[in-house]
Amino acid sequence: LVPDMAALYPYLNNPSEASYIAAALMVLPPGMTGMLVCAIFAATLTSLNSALSVKASVLTRNVYFVLWRPQATEEELLWVGRLSTVILGVVMMAIGLGFQSLKDLPLFELTLALAGLLGMPMTVPLLLGLFIRQSPDWSGWGTVLFGTTVSSLCWFGLSLTWLQGQFGVEPGLTAQELGDVRFAVTLMVATAASVLFFLLSCRFDPKEEPAERADFFQRMRAPIQSNEIAGDTVGQQAILIGKLGLVYGCGVTAFAVVAEDWSSTLPFFASGGVVLIVSALLYLAGRRTKA
């Protein structure tokens, strides 16, 4: 559709990052592009507020309450959580501005770098901790620190020329392709190092199992009883989501009024109709659950 993105978006350092928006502007009818932008912002905000809530809860309950003020009241913890959310938001914006200064680094390359440096060292103890019971309390954060250190050394220490010679990579590969090779090597080395560190840390497991760990595994292996499921809450959520979906579906369908021709009208009717049908089914299901 757009053979020369650099000519179309000369003001971008990496014009290929605008390919999705360029395709949307050429394919979608007027009005639908604005909805697409709103959907992109909505998806970003939902992930962002979830991440902020989780990290603020960890700082409040697992750091402030456990290590600093065990006698803190719920009201105090609530204010600490709000303050932590604001501080974490400012830190995230500062990190984003810092990444903005790296104008020569493509967004996709930056995503790969973060996944290689942080993703696998955090995933390994999360998964192994669910199945390996004999591990000390420090094995989780120790694995994250060790794996992140190893992945950072691989990512910043391995040159593309060295990788090209060691793995017999064709000399005609582009810089992006060589970057993919570096990401694969970093991911494999970080995974192996994290798994090895976690398994070795299990040798220092205390003989007496902590009560919190025994309670965790007991609850994890216990089957969920039917009386533990809050049916009323599920019904209320279905009703609320159904109502919001009905309003949103009507709004999407109303855009068909300002469409230029029938070909531009059809996408609004189709998308709005699907949202209306699904929302109506959710609303009816919620009503039946409450009844």
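Our next topic: the overall build of the protein. Secondary structure summary: the protein contains eleven helices and zero strands in total. Across the 291 residues in the protein, those meeting the buried criterion constitute 26%. Residue pairs at least 24 apart in sequence account for 69% of intrachain contacts in the protein once pairs closer than 6 positions are excluded. Within the structure as shown, the protein displays about 19700 Å² of accessible surface, and the carbon and sulfur contribution to it stands at 69%.

As for its placement among the helices and strands, Ser135 is situated in the loop between α5 (107-131) and α6 (139-157). Here Ser135 falls in the buried class, since its relative accessible area comes to 10%. Apart from residues no more than four positions distant in its own chain, Ser135 is found in contact with Phe198, Cys202, Asp205 and Arg213.

Turning our attention to the packing of helix α2 (residues 19-27) against helix α3 (residues 32-68). Contact geometry of α2 with α3 gives a least axis separation of 9 Å together with a crossing angle of 150°. The pairing of α2 with α3 is recorded here as roughly antiparallel in orientation. Taking contact as the criterion, the partners of Tyr20, Ile21, Ala24 and Leu25 in α2 are, on α3, Thr33, Leu36 and Ile40. Tallied by class, residues from the contact of α2 with α3 come to six nonpolar, one polar and no charged.

Another aspect to go through is the pattern of salt bridges. A full pass over the atoms with the stated rule returns three salt bridges. We note a salt bridge from Arg69 to Glu76, for which the minimum N-O separation is 2.6 Å. Take Glu76: its relative accessible area is 22%, and that puts it in the partly exposed class. Between Arg219 and Asp215 there is a salt bridge whose closest N-O contact spans 2.9 Å. With Arg219 and Asp215 both in helix α9 (residues 211-221), this residue pair falls four residues apart, about one helical turn. Exposure remark for Asp215: the relative accessible area of 36% places this residue in the partly exposed category.

What follows is about a nonpolar patch on the surface. Taken together, the side chains of Tyr20, Ile21, Leu25, Met26, Val27 and Ile40 define a hydrophobic patch exposed on the protein surface, amounting to about 590 Å² of accessible area. For the nonpolar patch, the element with the highest residue contribution is α2, accounting for five residues. For Met26, a relative accessible area of 49% puts it in the partly exposed group.

The description of an aromatic ring pair rests on the distance of the ring centres and on the angle between the ring planes. In the structure shown here, the tally under the stated rule is five aromatic pairs. Geometrically, the ring pair formed by Trp138 and Phe204 is tilted, given 6.1 Å between the ring centres and 50° between the ring planes. With Trp138 in the loop between α5 and α6 and Phe204 in the loop between α8 (175-201) and α9, this residue pair connects regions lying 66 residues apart in the sequence. By relative accessible area, which is 32% here, Trp138 ends up partly exposed. What links up through ring pairs into an aromatic cluster is the set Trp138, Phe146, Phe197 and Phe204. Positioned over the ring face of Phe65 is Arg61, at 5.0 Å from the centre of the ring. Positioned above the aromatic ring of Trp79 is the side chain of Arg82, whose terminal nitrogen or guanidinium carbon lies 4.8 Å from the ring centre.

Residue position: Ser84 is located in helix α4 (residues 74-100). In this structure Ser84 touches Ala56, Leu59 and Thr60, once residues within four positions along its chain are discounted.

Atomic detail in the predicted coordinates should be set aside for any region of low pLDDT. When the pLDDT values of the protein are averaged, the result is 79; 80% of them are 70 or greater. For the protein, helix α7 (residues 160-166) is the element with the lowest average pLDDT, namely 61, and α6 is the one with the highest, namely 86.

With that settled, consider the nonpolar core. Within soluble globular proteins, side chains that are nonpolar tend to cluster in buried spots. Core analysis: the biggest nonpolar cluster contains five residues, these being Met32, Met35, Val252, Ala256 and Phe268. Setting aside chain neighbours within four positions, we find Met35 in contact with Tyr248, Val252, Phe255 and Phe268.

The end-to-end C-alpha distance of α6 is 26 Å, a good match for the 27 Å that 19 residues give at a rise of 1.5 Å each. If you check which residues of α6 are buried, you get Ser139, Gly142, Thr143, Gly147, Thr148, Val150, Ser151, Cys154 and Trp155.

Now for the environment of Thr123. Within the secondary structure, Thr123 is located in helix α5. The class of Thr123 is partly exposed, set by a relative accessible area of 30%. In this structure, the C-alpha to C-alpha distance between Thr123 and Thr191, residues 68 residues apart in sequence, is 9.0 Å. In terms of polar contacts, Thr123 uses its side chain to reach the backbone carbonyl oxygen of Gly119, at 2.7 Å.

About the thresholds
Residues numbered from 1 in each chain as written. Predicted model: local features only at pLDDT ≥ 70, side-chain atom pairs only at ≥ 80, totals over all residues. Heavy atoms only, no water. Helix = DSSP H or I, 4+ residues; strand = E, 2+ residues; numbered from the N terminus. Buried < 20%, exposed > 50% of the residue type's maximum accessible area, 1.4 Å probe, protein only. Contact = heavy atoms within 4.5 Å. Areas by Shrake-Rupley, 256 points an atom, 1.4 Å probe, with all protein chains shown as cover. Axes fitted to C-alpha atoms, helices over the stretch in contact; angles between N-to-C directions. Parallel < 35°, antiparallel > 145°, perpendicular 65-115°, else oblique. Nonpolar A, V, L, I, M, F, W, Y, C, P; charged D, E, K, R; others polar. Salt bridge = Lys/Arg side-chain N within 4 Å of Asp/Glu carboxyl O. Patch = residues over 30% accessible without salt bridge, like charges linked within 9 Å, V, L, I, M, F, W, Y side chains within 5 Å. Phe/Tyr/Trp six-rings, centres within 6.5 Å; stacked < 30°, edge-to-face > 60°. Lys NZ or Arg CZ within 6 Å of the ring centre and 35° of its normal. pLDDT = per-residue confidence, 0-100. Core = buried A, V, L, I, M, F, W, Y, C linked by side-chain atoms within 4.5 Å. Expected span 1.5 Å × (residues − 1). Polar contact = N/O pair within 3.5 Å; in protein donor to acceptor, adjacent residues only side chain to side chain.

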